[in-house]
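Here's the letter readout for the chains.
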Amino acid sequence: MQNSRHKLWRLSVLSAAMALLMACSQSAQAPAQAGDFAQDTPCALDGMVLADYPGPKGQILYADGQTEFFCDTVELIAALLHPEQQRKRAGAWVNDMGKADWDAPRGHWIEAQSAVYVKDSRKRGAMGPTLVPFAEVAAAQAFIAKEGGKLLHFNEINADAVALDGGALHDTRSH
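Residues numbered from 1 in each chain as written. Predicted model: local features only at pLDDT ≥ 70, side-chain atom pairs only at ≥ 80, totals over all residues. Heavy atoms only, no water.

Glancing now at the nonpolar core. Within the largest apolar cluster, 20 residues are counted, with the highest numbers of intra-cluster contacts made by I60 and Y117. Those elements giving two or more residues to this core turn out to be β1 (58–62), α2 (73–81) and β3 (89–95). In this structure, Y117 is in contact with I77, V94, A112, L131, V132, P133, K150, L151, L152, F154 and I157, ignoring residues within four places of it in sequence. Membership of the second largest hydrophobic core comes to 12 residues, among which are F37, C43, F69 and A126. (Core = buried A, V, L, I, M, F, W, Y, C linked by side-chain atoms within 4.5 Å. Buried < 20%, exposed > 50% of the residue type's maximum accessible area, 1.4 Å probe, protein only. Helix = DSSP H or I, 4+ residues; strand = E, 2+ residues; numbered from the N terminus. Contact = heavy atoms within 4.5 Å.)

Below you can see the structure in the form of structure tokens.
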């Protein structure tokens with residue numbers, strides 16, 4: 001009799017443990033995902049309407065569920081690199097310009113920190129000179145062959161490369 005109770009007790013404990021594990025796995029959140037901006041979505045830093053300007057865009061999803069969009073990757077990366085801008089983030093994304101349309105980039109979001117970037121190309125974004133993101137090195141190299149520039153990985157970008165002191169001066173539509 002005691003052997004049967006012991007087996008029943010072990011079975012109960014095992015069942016409870018499995019139920020707990022299943023509950024934990026079901027409550028685990030799915031990875032954060034990028035969303036697209038609306039036709040009238042303003043840039044978080046300067047209020048420019050994203051859809052009105054060419055070139056790659058960026059977005060940050062914060063842990064509290066708030067999303068901020070940026071009209072240029074320079075602004076996004078500046079926000080990621082400057083300590084005074086640090087808030088708990090769920091993710092940050094940029095358009096993959098190997099797939100997105102330069103004049104009206106939508107979708108094709110890739111993680112900002114896993115992208116490769118082209119600096120100093122002839123192409124201009126919303127803020128003038130921009131960092132052009134790509135999911136694949138081969139696409140970035142093809143872009144460089146056509147538009148010039150230098151390939152950088154996210155960890156090679158420093159605060160000086162995304163200084164926001166005068167980029168808007170290159171944009172004649174904002175004046």
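Turning our eyes to something else, we now look at the packing of aromatic side chains. Throughout the structure, instances matching the rule amount to four aromatic pairs. Aromatic pair Y117 and F154: ring centres 6.5 Å apart, planes at 50 degrees, arrangement tilted. Linking Y117 in strand β5 (residues 116–119) with F154 in the segment after β9 (150–153), this pair joins segments that are 37 residues apart in sequence. Each member of the pair, Y117 together with F154, is buried. Feature note: the residues W102, F134 and F143 constitute an aromatic cluster, connected by ring pairs. (Phe/Tyr/Trp six-rings, centres within 6.5 Å; stacked < 30°, edge-to-face > 60°.)

So, about the sheet that holds strand β4 (residues 109–111). Within a sheet, adjacent strands bond to each other through the backbone by hydrogen bonds, running parallel or antiparallel. With antiparallel pairing, the four strands of this open sheet are ordered in space as β2-β1-β3-β4. Two strands close off the open sheet at either side, each with one partner strand: β2 (67–70) and β4. If you compare each strand with its neighbour and ignore which way they point, the axes differ by 25 degrees on average. Judged from the three bridges that link them, β3 and β4 form a sheet pairing that is antiparallel. By the bridge assignment, W93 is partnered in β4 with E111. (Pairing = 2+ DSSP bridges. Axes fitted to C-alpha atoms, helices over the stretch in contact; angles between N-to-C directions.)

Here the focus is the sheet that holds β9. The strand order across the open sheet built from three strands is β8-β5-β9, with neighbouring strands paired in antiparallel fashion. Strands with a single pairing partner mark the edges of an open sheet, and in this sheet they are β8 (132–134) and β9. Taken pair by pair, the neighbouring strands of this sheet meet at an average axis angle of 35 degrees, ignoring direction. As paired strands, β5 and β9 are joined by four bridges and run antiparallel to one another. Considered in β9, the bridge of K119 is made with K150.

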